[in-house]
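Each chain is listed here by its residues.
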Amino acid sequence: MQQVNLGMIGGGTVGSGVFHALQQNGELMAARLGVKIAFRKIAVKAFDEPRPYPIARALMTTNWQEVINDPEIHIIIELVGGTGIAKTMILAALQQGKNRRHRE
């Protein structure tokens, strides 16, 4: 089965909820889509910030550029919000080709 690797920027309330939902429903989604979806890296403000759902420390980084520049990440999810730094992050992701379809 093909796998799509996700990178996420923002691991607070919404980000941890998205992570949790995919962990809980990943197998069902893969069965329905025919594609396995896996988180590869998640950028957070701080490792110890409070979040409703835990995120494995091994997935986290405090450097959002690590997520953008990881060649193994196919899709970036931005959950920072606003138009300042969030815009910069998304433009950087687009420049890295994260808008192109993944094919194996």
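First things first, this report covers the structure right here in the doc. Quick caveat: nothing in here was measured; it's all calculated off a predicted structure.

Rules used throughout
- Residues numbered from 1 in each chain as written.
- Predicted model: local features only at pLDDT ≥ 70, side-chain atom pairs only at ≥ 80, totals over all residues.
- Heavy atoms only, no water.
- Salt bridge = Lys/Arg side-chain N within 4 Å of Asp/Glu carboxyl O.
- Helix = DSSP H or I, 4+ residues; strand = E, 2+ residues; numbered from the N terminus.
- Buried < 20%, exposed > 50% of the residue type's maximum accessible area, 1.4 Å probe, protein only.
- Phe/Tyr/Trp six-rings, centres within 6.5 Å; stacked < 30°, edge-to-face > 60°.
- Lys NZ or Arg CZ within 6 Å of the ring centre and 35° of its normal.
- Bend = angle between axes of the 7 residues up to and from the residue.
- Contact = heavy atoms within 4.5 Å.

1. What to know about the pattern of salt bridges
As enumerated under the stated definition, the model contains three salt bridges in all. Of the charged contacts, one joins R40 and D70 as a salt bridge, the two residues approaching to 2.8 Å between their closest N and O atoms. Placement of R40 in strand β2 (residues 35-43) and of D70 in the loop between α2 (64-69) and β4 (75-78) is noted, with a sequence separation of 30 residues between them. On the basis of relative accessibility, which here comes to 38%, the residue R40 falls in the partly exposed class.

2. Observations concerning the packing of aromatic side chains
In total, this model carries one aromatic pair according to the counting rule given. Ring geometry for F19 and F39: centres 5.3 Å apart, planes at 55 degrees, overall tilted. With F19 in helix α1 (residues 13-33) and F39 in strand β2, the pair connects residues that are 20 residues apart, well separated along the chain. A relative accessible area of 7% means that F19 is categorised as buried. The class of F39 is buried, set by a relative accessible area of 10%. Here the basic side chain of R57 rests over the ring of F47, its NZ or CZ set 3.7 Å away from the ring centre.

3. Here we look at α1
If you look at α1, its biggest bend is around 65 degrees, right at N25. All of the buried residues along α1 are G15, S16, F19, L22, G26 and A30. Contacts from the buried residues of α1 go to β1 (2-9) and β2. Looking one or two residues beyond α1, the residue adopting positive phi is G34, at roughly 75 degrees.

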